[in-house]
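This is what each chain is made of:
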Amino acid sequence: LPFPPPLRFSRCQAVQAENVTVLEGGTAQISCRLQNYDGSIVVIQNPRRQTLFFNGTRALKDDRFQMLLFTPRLVRIELTNVSVSDEGGYFCQLYTDSTHHQVATLSVSVPPETPTVEVKQEAVEGGEVELTCMSPRSKPAATLRWIRNGRELPGVVSQQDNAKTFSVSSTIRISVERKDNGAALSCEAFHPALGGQKRIRHYRLDVNFAPTVRIVPPSGILREGDSLSLTCSVSGNPLPRNIQWSKINESLPERAEISGPTFQISRLSQSHNGTYLCQAQNNYGRAADHYTLLVYGDPCSTSFSSFPSTPLSLLISVLTHSAVPYAVIGGVLALLVFTVICVLIVTIWCSVRQKGSYLTHEASGLDEHGEVQEAFLNGNDASQGKKEYLL
């Protein structure tokens, strides 16, 4: 647009501009303050030197710009839905004898969105996992931090300039074990536009590992007619979908019932004795556990005539068929053997002693017999000694 010649009597006029900072998508107000304004021409231009307003009249067809105020002291325009492309210097020009202009700098701040976390490869037990936290767009560049258990993990930071915005990433490498599965980490993004707040992305480690298997055995002693129920406890990541039950060197009994991790046999008999196996596998390994089944006979089914005849045999039979622990049975049997040995020793000792006493009395009888024979030979009668001898 052509400009009229400057007015020569306005030598003391001046213009001042104010800088503005606004968030992307917000609204900016650009102000030009006038001094000693006498009606000279005021022009406002954008950073590309396109005229937005000429003495309060719209010159550029952009509805985002609106004239809010035009007075001898203040000219103010408004820009809505600000983008980073609107950033730059806006010229406030006052045409007098000499052209006066000031630049109002519009700065657009772009706060980061909540960062994202990328995993380069699957985490496997005993290996390392690489995690990258990314903030794809911010202005100025955001600051990223990795946090685990309240402590910062140092990461390798990279930054890329995308025209007027920045993309930032922080990469960490950590060793993982199965205990780390589900461990919590977080990536925090800081930025001046957030006013002391932060954008946080929470992440949980997903560590893959081979399964572990454990058979939960029944309690107590199993006898014929009882029921068996085994549970196969399986862990692993990913969790094995199929659990296999088998019997070593034999096929499973006909009455066996399998429902996922549960194995059952009703009305047990001694033919069911053997070792049973539970197996599970995933993409990272296989595991198994075994259980040895020992079914005892039912003591109630034994007839009276079949019981042992001797007390010791009877006691042994009762202990064997009862639910007494084997250590107690062994102790009782040892006590019985010790008692028998003691009885034998005492019996032998008494027998020897009685035999010695008999021999002593027999020798005494022979001495008396000799005395009688001597008296008879000497001719002694009964009146002299008045002795009686019993032969």
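Going by the structure above, here's the rest.
Described below are features of the structure shown in this document. Computed from a predicted structure; not experimentally measured.

1. Concerning the sheet that holds strand β19 (residues 198-204)
Within a sheet, each strand pairs with its neighbour through backbone hydrogen bonds, oriented either parallel or antiparallel.
Right, on to step 1. Read across the open sheet, the four strands follow the order β15-β14-β18-β19; overall the sheet is antiparallel. Edge strands, defined here as strands with exactly one partner in the open sheet, are β15 (151-153) and β19. This sheet shows a mean twist of 35° between the axes of neighbouring strands, independent of strand direction.
Right, on to step 2. Relative to β15, strand β14 (residues 143-148) is paired through three bridges, and the arrangement is antiparallel.

2. Description of the pairing of strand β7 (residues 65-70)
Right, on to step 1. Examined bridge by bridge, β7 and strand β8 (residues 74-79) share five bridges and lie antiparallel to one another. Opposite Met 67, over in β8, you have Ile 77 as the bridge partner.
Right, on to step 2. The hairpin formed by β7 and β8 contains three residues between the paired strands.

3. Things to note about the state of the cysteines
Right, on to step 1. By the definition in use, this model includes three disulfides.
Right, on to step 2. Cys 32 shares a disulfide with Cys 92; S-S distance 1.6 Å. Sign of the S-S torsion, about -50° for the bond between Cys 32 and Cys 92, identifies this disulfide as left-handed. Here Cys 92 lies in strand β9 (residues 88-95) and Cys 32 lies in strand β3 (residues 28-35), a separation of 60 residues in the sequence. As far as burial versus exposure is concerned, Cys 32 and Cys 92 are alike and both buried.
Right, on to step 3. Across the disulfide from Cys 133 sits Cys 187; the S-S distance is 1.7 Å. Handedness here is read from the sign of the S-S torsion; for Cys 133 and Cys 187, about -80°, the answer is left-handed. Placement of the pair is Cys 133 in strand β13 (residues 128-138) and Cys 187 in strand β18 (residues 184-190), with a sequence separation of 54 residues.
Right, on to step 4. What makes Cys 187 buried here is its relative accessible area of 0%.

4. Description of the environment of Asp 62
Right, on to step 1. Secondary-structure assignment places Asp 62 in the loop between β6 (57-58) and β7.
Right, on to step 2. The class of Asp 62 is buried, set by a relative accessible area of 19%.
Right, on to step 3. When the C-alpha atoms of Asp 62 and Leu 52 are compared, they prove to be 8.5 Å apart, with ten residues separating the residues in sequence.

5. Regarding the nonpolar core
Right, on to step 1. Ranked by size, the top nonpolar core spans 25 residues in total, and within it Leu 52, Phe 65, Ile 77, Val 82, Tyr 90 and Leu 106 carry the most contacts.
Right, on to step 2. When contributions to this core are tallied by element, the ones reaching two or more residues are β2 (20-23), β3, β4 (41-45), β5 (51-54), β8, β9 and β10 (99-109).
Right, on to step 3. Top element by residues in this core is β3. It accounts for four residues.
Right, on to step 4. When residues no more than four places from it in sequence are discounted, the contact partners of Leu 52 are Ile 44, Gln 45, Asn 46, Thr 57, Arg 58, Ala 59, Leu 60, Phe 65, Ile 77 and Tyr 90.

What counts as what
- Residues numbered from 1 in each chain as written.
- Predicted model: local features only at pLDDT ≥ 70, side-chain atom pairs only at ≥ 80, totals over all residues.
- Heavy atoms only, no water.
- Pairing = 2+ DSSP bridges.
- Helix = DSSP H or I, 4+ residues; strand = E, 2+ residues; numbered from the N terminus.
- Axes fitted to C-alpha atoms, helices over the stretch in contact; angles between N-to-C directions.
- Disulfide = S-S within 2.5 Å.
- Buried < 20%, exposed > 50% of the residue type's maximum accessible area, 1.4 Å probe, protein only.
- Core = buried A, V, L, I, M, F, W, Y, C linked by side-chain atoms within 4.5 Å.
- Contact = heavy atoms within 4.5 Å.

Nothing here speaks to function; it is all geometry.
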